[in-house]
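Fold and geometry: a report
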Amino acid sequence: MAPTLGKRKRRTAEATEDNREDDGEGSASLELDAQEIFRRHFEAQFKPLPVVQKTVKEPEEAPPEDESEEDSEWDGISEEEETTVQVVEHVDAHSQIAAMSKEELKVFMSSKPPTAHAKQPLIRNKAGTATEDDDASEAANLKKDLALQRLLAESHLLDSATNPTLSGNNRHKATDLRLQALGSKISILKQEKMPMSHRKGIIAKQNEREEKRRKEAKENGIILEKAKSAKKFEGKRDRGVGAPAVGRFSGGTLKLSKKDIMEIEGPRRSASGRGGRGGGRGRGKRGR
Amino acid sequence: MAAPHPEYLRFTTHRSLTHRLVLSTLTGRPVHISQIRSSSPTQTGLAPHEISFLRLLESITNGSSIQISYTGTTLTYSPGLITGSVEGLGASGGVVKCILPETIRRGVSWFLIPLCILAPFSKAPVNVRFEGDGVITSATETGDISVDSVRTAILPLYEKFGILSSKLELRVLQRSCAGPGGKGGGGIVELRFGSQVRLPKTVHMNRSPGRVRRIRGVAYSTGVSASNNARMIHTARGILNPLVNDIHVAAQYDQAPLVSSRDKSDPGAKKRTGIGFGLCLVAESSVDGVLYSADVVAPSSGGVTPEDIGKQCAYQLLEIISQGGCVTRVGAATVLTLMAMGSEDVGRLRLGRDVIGTEDVVGLGRDLKMFGASNWGLRDVDEDDSTDIIVSVKGTGVGNIGKKIA
């Protein structure tokens with residue numbers, strides 16, 4: 001049955017093509033076209049013809065098509081085609097089926113009997129669920145603010161080509177950043193204990209990489225950020241309990257460096273009128 | 001306890017057999033039931049599901065004895081204590097297994113509803129797992145509701161009696177519709193009833209049942225195209241949407257369960273059974289604890305479109321809502337029995353005229369009276385112009401013998 005059907009289909013297609021050709025070749029239609037061209041030409045030169053003619057023309061246009069179809073030898077099939085073309089539209093409003101939210105569905109389809117008054121969470125932060133943006137409550141604003149701050153602080157992690165999401169390795173980095181921001185002295189990413197040779201190796205490699213980067217940048221004329229110099233000690237060193245306030249106690253002797261002595265002596269004055277007083281002050285200090 | 005000649009309460013026919021057995025267990029009165037399908041030439045005596053229920057009763061009680069005559073037309077049951085799922089008394093891993101044979105035509109809710117009535121009066125938590133080739137989790141043509149209805153429409157009723165619904169669980173581990181010819185399925189259902197009480201609280205549900213505020217439901221397709229769910233939901237919503245705007249129906253698609261094919265040449269062979277689809281709708285009223293439920297399932301012979309099922313279910317829900325009252329027909333037995341087992345105080349329940357006028361509810365009243373409960377008092381509602389009836393039920397104060405102090 002199927003092959004015959006296919007044949008018929010092809011034939012009907014041919015038939016319709018024939019019909020169309022007939023339409024084009026039909027003398028009546030040719031005449032009409034000629035008239036139309038003339039009319040346009042006339043209207044372009046002079047003024048538009050009365051509109052009444054158009055309305056008369058339209059019903060004239062329809063019958064020739066019918067005639068041509070009747071004339072064709074495939075009229076039976078073409079008619080059949082006309083009757084069989086039925087547009088069946090299965091309107092399915094799947095999208096309109098408002099599904100329960102994920103939480104609600106979870107609660108409803110759980111094994112427990114549903115409680116009488118299930119509370120709905122006000123803010124859902126997950127990307128998949130609907131966030132209620134128009135919620136103007138203080139808590140919601142705070143939450144959004146925090147999210148924005150985090151995004152600003154951590155968005156550079158997303159630049160890496162290997163892991164452009166905030167998960168996996170980047171999540172740990174983000175956690176570390178947050179901890180640093182909260183005042184953590186140590187990084188969770190830094191391994192606390194390792195053999196000294198490893199540590200030295202790692203640091204050396206880091207330095208080497210940094211130097212290479214700077215060198216290449218310099219060769220290419222790229223200006224980089226300032227090199228972070230090793231932190232210089234500023235301020236007072238914390239001495240242990242019982243240690244001398246000045247100098248260094250070793251081998252049963254208090255050793256004073258030149259700097260210490262300079263500090264104790266105070267600034268040396270040039271021989272001037274005020275020398276005596278300056279010396280006096282120095283003496284006083286010495287006496288202490 | 002061991003009286004030489006226990007006084008049997010005598011009943012006839014298999015009508016509301018489960019309920020009589022439940023009442024017998026709760027009150028401790030032995031029963032003698034005769035003429036069970038004695039006039040039927042082909043299916044004489046107890047049916048497979050009734051036997052399974054007796055087995056279940058035996059496994060969750062201690063000291064009960066059941067005697068069945070040769071033809072199965074006579075049954076003698078003397079109840080024991082409801083122990084629940086105690087290790088060593090039939091339970092393994094804290095769960096009593098109830099294996100249903102494949103000849104069963106009733107849904108698992110036929111077992112669940114009476115079991116839930118017994119469970120609050122048990123000594124230990126009642127955990128029962130229904131499995132085997134006869135567990136039909138869907139609604140059935142024999143008039144049983146689906147497990148979803150039990151969970152969403154029956155179990156919440158217990159909250160009113162001081163039974164914590166947070167300790168109740170009904171897990172559907174495998175869904176199944178009725179198999180070929182309406183027989184058997186392959187579902188797995190586990191009931192965990194962890195809340196036991198000494199005496200259920202007295203309930204007063206005599207106020208107006210309120211207005212339907214929202215409708216929830218579950219559409220399930222087992223082993224057939226999941227698009228059936230969407231079609232059922234779409235049609236049901238088309239009918240209900242103009243009436244209530246808050247309608248949410250969850251769609252549940254599952255594979256058909258695998259059961260043994262019963263092929264003697266290949267004992268390890270498995271086949272899929274229990275395909276079908278259905279819809280369960282639950283309407284929640286603005287008054288706390290008033291639920292109306294409807295359940296429709298495609299017949300096991302097939303030939304019904306999902307649209308028809310959705311339409312039928314929506315209309316059935318509307319019919320049940322129109323009957324009014326605070327409790328529907330499916331929940332009436334549960335609520336009335338728990339009220340009768342409560343403290344010696346009068347509780348009130350507002351029921352629709354069409355609900356109380358059914359054979360089941362009237363029969364339940366008579367049975368309760370036989371088991372020593374007080375008569376019901378009936379009066380018309382006079383606050384508003386509805387035709388509802390207020391039933392006053394006096395409790396017997398039996399409660400939980402296992403939890404009795406002193």
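Presented here is an overview of the structure given in this document. (Residues numbered from 1 in each chain as written. Chains lettered and ligands numbered in written order. Predicted model: local features only at pLDDT ≥ 70, side-chain atom pairs only at ≥ 80, totals over all residues. Heavy atoms only, no water.)

1. Examining the nonpolar core
Residue and element names in this part refer to chain B.
- Of all hydrophobic cores here, the largest spans 102 residues; its most connected members are L21, F130, Y158 and L336.
- Broken down by element, the residue count for this core peaks at eight residues, all from helix α3 (residues 109-118).
- Looking at which domains feed residues into this core, each of domain 1 (205-322) and domain 2 (327-394) gives three or more.
- What Y158 contacts, discounting residues up to four positions off in sequence, is I113, C116, I117, P120, I163, L168, F193, T334 and L338.
- Of all hydrophobic cores here, the second largest spans eight residues; its members include A139, C177, Y220 and V297. (Core = buried A, V, L, I, M, F, W, Y, C linked by side-chain atoms within 4.5 Å. Buried < 20%, exposed > 50% of the residue type's maximum accessible area, 1.4 Å probe, protein only. Helix = DSSP H or I, 4+ residues; strand = E, 2+ residues; numbered from the N terminus. Domains from an automatic or database assignment. Contact = heavy atoms within 4.5 Å.)

2. Quick word on the pairing of strand β8 (residues 95-99) of chain B
Residue and element names in this part refer to chain B.
- One ladder, built from two bridges, connects strand β7 (residues 91-92) with β8; its direction is antiparallel. Within β8, the position partnered with S92 by the bridge is V95.
- Connecting β7 to the antiparallel partner β8 that follows it, the hairpin turn spans two residues, and G93 within it adopts a positive phi of roughly 70°.
- Direction of pairing for β8 relative to strand β9 (residues 126-131): parallel, over a ladder of four bridges. Within the sheet, the bridge partner assigned to I99 lies in β9 and is E131.
- Crossover handedness for the path β8 to α3 to β9: right-handed. (Pairing = 2+ DSSP bridges. Right-handed = clockwise from strand over helix to strand, strands pointing away.)

3. A short note on the environment of R216 of chain B
- Position of R216 of chain B relative to the elements: it lies in strand β13 (residues 212-222).
- A sequence separation of 65 residues divides R216 of chain B from L281 of chain B, and the C-alpha atoms of the two residues are 5.8 Å apart.
- Other than its neighbours up to four places away in sequence, R216 of chain B contacts M100, E104 and F108 of chain A together with D246, I247, H248, C280, L281, V282 and E284 of chain B.
- At 3.4 Å, the side chain of R216 of chain B forms a polar contact with the side chain of D246 of chain B. (Polar contact = N/O pair within 3.5 Å; in protein donor to acceptor, adjacent residues only side chain to side chain.)

4. Quick word on the pairing of strand β11 (residues 188-193) of chain B
All names here are of chain B.
- Note that β9 and β11 share five bridges and pair antiparallel. By the bridge assignment, N127 is partnered in β11 with R192.
- Here strand β10 (residues 168-174) pairs with β11 via six bridges, running antiparallel. Across the sheet, residue Q174 finds its bridge partner in β11, namely I188.

5. Remarks on α3 of chain B
- Most of α3 of chain B is tucked away, with 10 of its 10 residues classed as buried.
- Every buried residue of α3 of chain B is accounted for by S109, W110, F111, L112, I113, P114, L115, C116, I117 and L118 of chain B.

6. Looking at the packing of aromatic side chains
Residues and elements named next belong to chain B.
- One pass over the full model with this rule turns up seven aromatic pairs over all chains.
- Residues F111 and F130 carry aromatic rings whose centres are separated by 5.9 Å and whose planes lie at 45° to one another, so their mutual orientation is tilted. Here the residue F111 occupies a position in helix α3, and F130 occupies one in strand β9, the gap between them amounting to 19 residues. In this pair, the class of F111 matches that of F130, namely buried.
- Through a chain of ring-to-ring contacts, the aromatic side chains of F53, W110, F111 and F130 assemble into a single cluster. (Phe/Tyr/Trp six-rings, centres within 6.5 Å; stacked < 30°, edge-to-face > 60°.)

7. Re the sheet that holds β11 of chain B
- As summarised here, the arrangement of the five strands in space is β7-β8-β9-β11-β10 (chain B), forming an open sheet in which the pairing is mixed. Each edge of the sheet is formed by a strand with only one pairing partner; in this case those strands are β7 and β10 of chain B.

8. Examining a positive patch on the surface
- Residues K205, R209, K212 and K215 of chain A make up a contiguous surface patch of positive charge.
- Of note, K205 of chain A is situated in helix α8 (residues 196-219). (Patch = residues over 30% accessible without salt bridge, like charges linked within 9 Å, V, L, I, M, F, W, Y side chains within 5 Å. Areas by Shrake-Rupley, 256 points an atom, 1.4 Å probe, with all protein chains shown as cover. Salt bridge = Lys/Arg side-chain N within 4 Å of Asp/Glu carboxyl O. Lys, Arg positive; Asp, Glu negative; His and termini not counted. Charge placed at Lys NZ, Arg CZ, Asp CG, Glu CD.)

9. What to know about the interface of chain B and chain A
- Tallying the contact residues gives 26 residues for chain B and 19 residues for chain A.
- Buried area between chain B and chain A, both sides added, is near 1,900 Å², and the carbon and sulfur share of it is 58%.
- When the area that chain B buries against chain A is broken down by residue, the three leading residues are R151, H234 and H248 of chain B, summing to 26%.
- Our count for the contact surface shared by chain B and chain A stands at two salt bridges.
- We note a salt bridge from K112 of chain A to E169 of chain B, for which the minimum N-O separation is 3.9 Å.
- Linking chain B with chain A are seven residue pairs in polar contact (both at pLDDT 80 or more).
- Elements with a contribution of two residues or more to the side of chain B that touches chain A: α4 (147-154), β10, β13, α5 (227-240) and β14 (247-254) of chain B. (Buried area = accessible area lost by both parts, 1.4 Å probe.)

10. Focus: the state of the cysteines
- Taken as a whole and judged by the stated rule, the model has zero disulfides over all chains.
- Free of any disulfide, C313 of chain B has its nearest cysteine sulfur in C280 of chain B, 7.0 Å distant. (Disulfide = S-S within 2.5 Å.)

11. A short note on helix α7 (residues 329-340) of chain B
All names here are of chain B.
- Counted at 1.5 Å a residue, the expected span for α7 with its 12 residues is 16 Å, and the 17 Å between its end C-alpha atoms agrees.
- Counting buried positions over the 12 residues of α7 gives nine, a clear majority of the element.
- Buried within α7 we find G331, A332, T334, V335, L336, T337, L338, M339 and A340. (Expected span 1.5 Å × (residues − 1).)

12. Observations regarding the sheet that holds strand β4 (residues 65-68) of chain B
Residue and element names in this part refer to chain B.
- The four strands are arranged β1-β2-β5-β4 in an open sheet whose pairing can be described as mixed. The strands lining the two open edges of the sheet, one partner per strand, are β1 (9-12) and β4. Across the sheet, the mean angle from the axis of one strand to that of its neighbour is 15°, orientation sign disregarded.
- Two strands pair when backbone bridges link them, and β4 and strand β5 (residues 75-78) are joined in this way by four bridges, in the antiparallel orientation. Opposite Q67, over in β5, you have T76 as the bridge partner.
- Seen against the sheet, helix α1 (residues 17-27) touches β1, β2 (31-34) and β5 and runs at an angle of roughly 30° to β5. (Axes fitted to C-alpha atoms, helices over the stretch in contact; angles between N-to-C directions.)

13. Some remarks on unusual backbone geometry
Residue and element names in this part refer to chain B.
- Phi is positive for Q35, close to 55°, though the residue is something other than glycine.
- At R37, a residue that is not glycine, the phi angle is positive and equals roughly 50°.
- Residue placement: R37 occurs in the loop between β2 and α2 (48-60).
- For R37, a relative accessible area of 19% puts it in the buried group.

14. Digging into the pattern of salt bridges
- Inspection of every chain in the model, using the stated rule, returns 30 salt bridges over all chains.
- Residue E190 of chain B pairs with R192 of chain B through a salt bridge whose shortest N-O separation is 2.8 Å.
- Among the charged side chains, a salt-bridge network with shared partners connects K112 of chain A together with K97, R129, E131, E169, R171, E190 and R192 of chain B.

15. Some details on the packing of α1 of chain B against α2 of chain B
All names here are of chain B.
- Where α1 meets α2, the closest approach of the two axes is 11 Å, and the angle between their N-to-C directions is 15°. Comparing their axes, α2 and α1 come out roughly parallel. Where α1 crosses over α2, the two elements pack in a sense that is right-handed. Counting all contacts with α1, which are made through L17, T18, L21, V22 and T25, the residues of α2 involved are E50, F53, L54 and L57.
- In terms of residue class, the contact of α1 with α2 is made up of six nonpolar, two polar and one charged. (Parallel < 35°, antiparallel > 145°, perpendicular 65-115°, else oblique. Left-handed = near helix turned anticlockwise from the far one by under 90°. Nonpolar A, V, L, I, M, F, W, Y, C, P; charged D, E, K, R; others polar.)

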